[in-house]
Amino acid sequence: MRAPGLLLLCLLLCPALAGCDSYPVKNIVKSDVDLVADQFIDESRRLVRELTVKLYRRNPGELAKIPGMTIDMRLAQLRATEGPLVFEELRGAQETQALELVFDPHFKGDRVFALVVGLGGMLRHAYGYNDELFMFDTLEPEKLATSAHNVEVLSWKLRSKHRPDGEPWIITSHYHGVTDNLSFERLFGKLIVLQEMMARIADDADYRRVTKVLHAAGSVFIPLPI
């Protein structure tokens, strides 16, 4: 929850800023880090939306598992859900648990949806489930760095993990042993860089400590701290 002083501060400052039509009043209660974080949040969500569209176009069979479902409907489901991304369709699995469903041979549902719900929910968690930040909000470097690690692991698993018949669980950059679409790697790379950079901005000292632990963890998903 926002601190109650935020509303009071906005009300006190509004008259002074009434003549500044080009300057959003809310920005007066944002630090420089908050303004940067807002851009990072917007960009990370845009990248997840772009990834969603590309994955469904590359894997139309996953979308077809839900009769009548469309890409726009999936995007609308994500936009309409505030806070944690929880869907009965995925048995309530969130974040890293949803990501694990992508590679679960017993899961019969939409693996692309599991991926974007897991990824999108994890990135929301990393920013405290905020759409934007204000001076009373704080960012935790450990959550941001852990999310970057998990995106890297996800990208690696998509390339290296296969079904019993040798086919990928979800088709991305590689198909039938041929690398024919590197745009997926670029998207994952951008997400990794965003989260790593935001972790550094939040607290450089803690970031160095956390990354040592994450490197030791290897190629496994790590739940974000609560």
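Our subject is the structure that appears above.
Residues numbered from 1 in each chain as written. Predicted model: local features only at pLDDT ≥ 70, side-chain atom pairs only at ≥ 80, totals over all residues. Heavy atoms only, no water.

Caption draft 1: Summary view of the overall build of the protein. The helix and strand tally for the protein stands at nine helices and two strands. Starting at the N terminus and walking to the C terminus, you meet the elements of the protein as α-α-α-α-α-α-α-β-β-α-α. Going through the 226 residues of the protein one by one, you find that 45% of them count as buried. Residue pairs in contact within the protein that sit at least 24 positions apart in sequence constitute 70% of those at least 6 positions apart. Surface accessibility of the protein: about 11800 Å² in total, with carbon and sulfur atoms responsible for 58%. (Helix = DSSP H or I, 4+ residues; strand = E, 2+ residues; numbered from the N terminus. Buried < 20%, exposed > 50% of the residue type's maximum accessible area, 1.4 Å probe, protein only. Contact = heavy atoms within 4.5 Å. Areas by Shrake-Rupley, 256 points an atom, 1.4 Å probe, with all protein chains shown as cover.)

Caption draft 2: Focus on the packing of helix H7 (residues 141-160) against helix H8 (residues 183-202). Interaxial distance between H7 and H8 falls to 7 Å at its minimum, and their mutual angle equals 165 degrees. As summarised for this structure, H7 and H8 are arranged roughly antiparallel, according to the angle between their axes. Where H7 crosses over H8, the handedness of that crossing is left-handed. Contacts between H7 and H8 involve Pro-141, Leu-144, Ala-145, Ser-147, Ala-148, Val-151, Glu-152, Leu-154, Ser-155, Leu-158 and Arg-159 on the former and, on the latter, Glu-185, Phe-188, Leu-191, Ile-192, Gln-195, Glu-196, Met-198, Ala-199 and Ala-202. (Axes fitted to C-alpha atoms, helices over the stretch in contact; angles between N-to-C directions. Parallel < 35°, antiparallel > 145°, perpendicular 65-115°, else oblique. Left-handed = near helix turned anticlockwise from the far one by under 90°.)

Caption draft 3: Geometry of the packing of aromatic side chains. The tally for this structure, following the rule as stated, stands at one aromatic pair. Here the guanidinium or amino end of Arg-74 rests over the ring plane of Phe-113, the centre of that ring lying 3.8 Å away. (Phe/Tyr/Trp six-rings, centres within 6.5 Å; stacked < 30°, edge-to-face > 60°. Lys NZ or Arg CZ within 6 Å of the ring centre and 35° of its normal.)

Caption draft 4: Broad picture of the side chain of Asp-110. Mapped onto the fold, Asp-110 is located in the loop between helix H5 (95-101) and helix H6 (111-126). Within the local environment of Asp-110, its side chain forms a polar contact with the side chain of Tyr-56, the two groups lying 2.7 Å apart. Within the structure, Asp-110 has its side chain in polar contact with the backbone nitrogen of Val-112 (distance 3.0 Å). In contact with Asp-110, not counting residues within four places along its chain, are Tyr-56, Glu-62, Leu-63, Lys-65, Arg-74, Glu-89 and Leu-90. (Polar contact = N/O pair within 3.5 Å; in protein donor to acceptor, adjacent residues only side chain to side chain.)

Caption draft 5: Local environment of the packing of H6 against H7. One way to put it is that H6 packs onto H7 with a least axis distance of 9 Å and a crossing angle of 165 degrees. Taken together, the axis directions place H6 and H7 in an arrangement best described as roughly antiparallel. With respect to the hand of their crossing, H6 and H7 are arranged in left-handed fashion. Residues Leu-115, Leu-119, Met-122, Leu-123, His-125 and Ala-126 of H6 pack against Lys-143, Leu-144, Ser-147, Asn-150, Val-151, Leu-154 and Leu-158 of H7. Residues belonging to the contact of H6 with H7 are distributed by class as follows: nine nonpolar, three polar and one charged. (Nonpolar A, V, L, I, M, F, W, Y, C, P; charged D, E, K, R; others polar.)

Caption draft 6: The arrangement of the pattern of salt bridges in detail. With the rule as written, the count across this model stands at nine salt bridges. A salt bridge links Glu-62 to Lys-65; the nearest nitrogen and oxygen atoms lie 2.9 Å apart. Residue classification places Lys-65 among the partly exposed positions, given a relative accessible area of 35%. Taken together, the salt bridges that share partners define one network made up of Glu-43, Arg-46 and Glu-50. (Salt bridge = Lys/Arg side-chain N within 4 Å of Asp/Glu carboxyl O.)

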